[in-house]
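# A closer look at the structure
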Amino acid sequence: MRLLDSRRLTGANFLLPGPGAVLDISVADSDRALLVAAWRRHALRLLAELDWEDQELIARPFSGGVSLALSGPLDGLYTATELNETAYEAARDLIEGGQRHLLVRAARSLRAEYRDEERPRLQRLLAAATEHSTPVVVDEELLTLGTGRHSQSWDLSDLPHPEDVPWRRLKAVPTALITGTNGKTTTVRLLASIAKAAGRVAGVSSTDWLAMGEELLDRDDYAGPGGARIVLRDQRCELALLETARGGLLRRGLAVERADVAVITNIAADHLGDFGVETVEDLADVKWSVTAALDKKSRLVLNAEDPLLMRRAPGSPAPLSLFSLSPTAPAFKAHVAAGGRGFTLRRGRLERIDGAATTGFLSVKKMPLSYGGVARHNIANALAAAAAADALGIELSVIAKGLCALGNEDNPGRANLYTVEGATFLVDFAHNPAGLEALMPLIEGLPAKRRALITGQAGDRGDGDIRAFADASSALHFDRIWIKRMDGLARGRAKGEVAALMRDAFIAQGHAAKSISVSKTELDSTRAALRWAKPGDLVVLLSHEKRDKTRELLESRVSKGVV
């Protein structure tokens, strides 16, 4: 029996409807029920000692372990985490050695810890915010009431009395949450382009950067609650577009209690095995947790062609907008036939169907990211963005303008084409089998005398997932393959272990061993491909590490500019 992870959950999450604490425990299946029962008994006793009797306890089993979660007050999450660990340790010792803990002493320590952590002024303001229906953004340093241009922030050490707060002017800016396995970042960028076309200052937190309107605030991964809070506190923000990634949902939960629209692009195997999330069904549940921020006045945008999402759709707390590349997809067809709103592609045009009204609003050939209609995964992203923008009240003509305004150079790392001395380099961030399969129609549609592939995988995926990624490329023949070792992302594996697994998978597909090379880094692979490529060749570069450096290298060699 072993503690794998202990973390605070600062918002609604996969396990709880609000803040709390969670432990991931490695435990034999035969001991799991005993552990859960003992943990629950000890946790309830400790919660009672702190007068926290109304808290919720959740135990979620997974193969070889269990997650133990309990809710807690927002100003007591460190205490809640300590309480959770104490209850687990008492349960473990009882099961493994018959040792009984003196919980009275532990409770005394926890009460002292909570006295240091407790913030009565914050509690009064949170209660007043609920009475005034005012959104709250809070972390360890600041309390923000309202969001964006309608917000005001205070240091937690200098909070006002509720009567001194200007409640009438503190309210929410329109807010969108965007999640899913693939397409999140491109969908966010398309939405930002639409917002710009609408003349609105959009705050964007995403995997690649943090931006306010046209100002880039920072380049880094901001697809978690930390990035969302920065956007929501910026008084320039008129519209919040928050990419909401799996990691942030599992580690901390949602940054907002309410959103106007949430988008789930798709569900596919990715990062399975983290935090007890072992299957795509589990992953779908994690992504679905964004719906905790929705109500009947919100809207949920779903991919009608994703069976995992369609199975969960009837449980949506908000009205649905579905999108589909085919108007005859069964779930989409049934939804619009029943009067639901949907966005689809028909005869090369994007359409909105709303009850009996069907409105075409854009030829995909006018949208740069569609590559003349070949990049169907980007058309799906455009449909998702259009459905979200529509839910935010933006007119179709403006949506069309925004979709056309985002060029390939504005979407770095996503289906970017470079021409270098007559050879074409396609650079994309595809990092799981579904992402690579979505890219295949574009690869197949590009003329090529010979094709080469540069690929690699991080070490936090299982052997089967690594082989599956290599197998996903088998739809096309590649004359040359470079596998990058990505040692900086080995994540516990031996150097070169992942590359060896991929090499074996490619050989099993029928590739000659002499056509496969292993490079230490992505830049090394790219330099080798530049030497190999001749006019008319196509090199598919699946970029992960030091993407800016790779892009700079290609741009320095571009003969005719970015396509």
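Below is a summary of the structure that appears in this document. (Residues numbered from 1 in each chain as written. Predicted model: local features only at pLDDT ≥ 70, side-chain atom pairs only at ≥ 80, totals over all residues. Heavy atoms only, no water.)

Another point: the overall build of the protein chain. Each helix and strand counted, the protein chain has 17 helices and 24 strands in total. The C-alpha radius of gyration computed for the protein chain amounts to 25 Å, which stays within 12% of the reference 24 Å derived for 563 residues, consistent with globular compactness. Taken along the three principal axes of its C-alpha coordinates, the protein chain extends 75 × 55 × 45 Å. A buried classification covers 58% of the 563 residues belonging to the protein chain. Counting contacts in the protein chain only where the partners sit at least 6 residues apart, residues at least 24 apart contribute 65% of the total. Carbon and sulfur atoms form 48% of the exposed surface of the protein chain, whose accessible area is close to 23,200 Å². (Helix = DSSP H or I, 4+ residues; strand = E, 2+ residues; numbered from the N terminus. Rg over C-alpha atoms; globule rule 2.2 N^0.38 Å. Buried < 20%, exposed > 50% of the residue type's maximum accessible area, 1.4 Å probe, protein only. Contact = heavy atoms within 4.5 Å. Areas by Shrake-Rupley, 256 points an atom, 1.4 Å probe, with all protein chains shown as cover.)

Turning our attention to the layout of surface pockets. Rolled over the atoms, a probe sized like a water molecule indicates the empty space that remains. Looking at the second largest pocket, its volume works out to about 760 Å³. In terms of lining, the second largest pocket is formed by 33 residues, of which the most central are Pro-135, Val-136, Val-256, Glu-257 and Arg-258. If you list the elements that add at least two residues to the lining of the second largest pocket, you get helix H4 (120-131) and strand E5 (136-138). Considering only residue class, the lining of the second largest pocket consists of 19 nonpolar, 9 polar and 5 charged. (1 Å grid on protein atoms, 1.4 Å probe; cavity = no way out; pocket = protein on both sides within 12 Å on 5 of 7 lines; lining within 4 Å. Points joined across faces, edges and corners; volume = space filled by probe spheres on them. Nonpolar A, V, L, I, M, F, W, Y, C, P; charged D, E, K, R; others polar.)

The buried fraction of helix H6 (residues 225-233) is high, at 7 of 9 residues. Within the span of H6, buried status applies to Pro-225, Gly-227, Ala-228, Arg-229, Val-231, Leu-232 and Arg-233.

The subject of this paragraph is the packing of helix H14 (residues 463-471) against helix H15 (residues 497-509). Working note: a packed helix pair is described by the angle between its axes plus the distance between those axes. At a minimum axis separation of 9 Å, H14 and H15 run at an interaxial angle of 45 degrees. The angle between H14 and H15 places the two elements in the oblique class. In this structure, the crossing between H14 and H15 has a hand that is right-handed. Listed contacts from H15 to Asp-463, Ile-466, Arg-467, Phe-469, Ala-470 and Asp-471 of H14 are Val-498, Leu-501, Met-502, Ala-505, Phe-506 and Gln-509. The residue makeup of the contact of H14 with H15, split by class, is 8 nonpolar, 1 polar and 3 charged. (Axes fitted to C-alpha atoms, helices over the stretch in contact; angles between N-to-C directions. Parallel < 35°, antiparallel > 145°, perpendicular 65-115°, else oblique. Left-handed = near helix turned anticlockwise from the far one by under 90°.)

What follows deals with the side chain of Arg-229. By the element assignment, Arg-229 lies in helix H6. On the accessibility criterion, Arg-229 (17% relative accessible area) is buried. Contact partners of Arg-229, with chain neighbours within four places excluded, come to Thr-10, Val-137, Val-138 and Asp-139.

Moving on, we get to the pairing of strand E11 (residues 215-219). Direction of pairing for strand E10 (residues 209-212) relative to E11: antiparallel, over a ladder of 4 bridges. When the bridges of E11 are listed, Met-212 appears paired with Glu-215. Hairpin connection, E10 to E11: the antiparallel pair is bridged by 2 residues, and Gly-213 has positive phi, about 60 degrees. (Pairing = 2+ DSSP bridges.)

Okay, the sheet that holds strand E6 (residues 142-145) next. As a general point, the strands of a sheet are linked pairwise by backbone hydrogen bonds and lie either parallel or antiparallel. Judged by pairing direction, the sheet is antiparallel, and its 3 strands sit side by side in the order E5-E6-E7 without closing on themselves. Only two strands of the sheet have a single neighbouring strand rather than two, namely E5 and strand E7 (152-155). Strand-to-strand twist of the sheet, defined as the mean angle between neighbouring strand axes without regard to direction, takes the value 15 degrees. Here 4 bridges tie E6 to E7, and the two strands are oriented antiparallel to one another. Along E7, the bridge assignment pairs Leu-143 with Trp-154. Docked against the sheet, H4 engages E5 and E6, running at close to 15 degrees with respect to E6. In the packing of H6 onto the sheet, contacts are made with E5, E6 and E7, and the angle to E5 comes to roughly 125 degrees.

The element strand E22 (residues 480-484) is extensively covered by neighbouring structure, given that 5 of its 5 residues are classed as buried. Across the two faces of E22 the burial is the same, with Arg-480, Trp-482 and Lys-484 and Ile-481 and Ile-483 all buried. Two elements, strand E21 (residues 451-455) and E22, share 4 bridges in a ladder whose sense is parallel. Bridge assignment links Ile-454 to a residue of E22, and that residue is Trp-482. Here E22 runs beside strand E23 (residues 516-519); their pairing, made up of 4 bridges, is parallel. Residue pairing for E23: Lys-484 is matched across the bridge by Ser-519.

One pass over the structure, following the stated rule, counts 4 cavities of 30 Å³ or more. Taken as a whole, the largest cavity holds about 100 Å³ of empty space. Lining of the largest cavity is provided by 15 residues; of these, Gly-224, Pro-225, Ala-228, Thr-244 and Ala-255 occupy positions nearest its centre. Secondary structure elements with two or more residues in the lining of the largest cavity: H6, strand E12 (239-243) and helix H7 (246-251). Looking at the lining of the largest cavity, its residues break down into 10 nonpolar, 4 polar and 1 charged.

Our focus in this paragraph is the environment of Leu-122. When you line up the elements, Leu-122 lands in helix H4. On a C-alpha basis, the gap between Leu-122 and Pro-160 in space is 9.1 Å, while along the polypeptide they are 38 residues apart. Among residues more than four places away in sequence, those in contact with Leu-122 are Asp-75, Val-138, Leu-143, Leu-156 and Leu-159.

This paragraph deals with the nonpolar core. With 52 residues, the main nonpolar core has Leu-177, Leu-242, Ile-264, Leu-300 and Leu-302 as its most contacted residues. By residue number, the principal contributor to this core is helix H8 (residues 280-288), which donates 4 residues. Each residue touching Leu-177, except ones within four places of it in the same chain, is listed here: Leu-242, Thr-244, Leu-254, Val-256, Ala-259, Val-261, Ala-262, Val-263, Val-290 and Ala-293. Counting 43 residues, the second-largest nonpolar core is a separate cluster that includes Ile-194, Leu-350, Ala-382 and Ala-389. (Core = buried A, V, L, I, M, F, W, Y, C linked by side-chain atoms within 4.5 Å.)

Describing an aromatic ring pair means giving the distance of the ring centres and the angle of the ring planes. On inspection of all chains with the given rule, the structure shows 3 aromatic pairs. Each ring, one from Trp-52 and one from Tyr-114, has its centre 5.1 Å from the other, and the planes form 85 degrees; the classification is edge-to-face. Of the two residues, Trp-52 is situated in the loop between helix H1 (29-49) and strand E3 (57-62) and Tyr-114 in helix H3 (residues 103-117); the sequence distance between them amounts to 62 residues. For Trp-52, a relative accessible area of 5% puts it in the buried group. We classify Tyr-114 as buried; its relative accessible area is 11%. With a centroid separation of 6.1 Å and an interplanar angle of 75 degrees, the aromatic rings of Phe-343 and Phe-361 are classed as edge-to-face. Of this pair, Phe-343 sits in strand E16 (residues 341-346) while Phe-361 sits in strand E18 (residues 357-363), placing them 18 residues apart in sequence. Each member of the pair, Phe-343 together with Phe-361, is buried. Sitting over the face of the ring of Trp-209, Arg-189 holds its NZ or CZ atom 4.4 Å from the ring centroid. (Phe/Tyr/Trp six-rings, centres within 6.5 Å; stacked < 30°, edge-to-face > 60°. Lys NZ or Arg CZ within 6 Å of the ring centre and 35° of its normal.)

As far as function goes, none of this settles anything; it's purely spatial.
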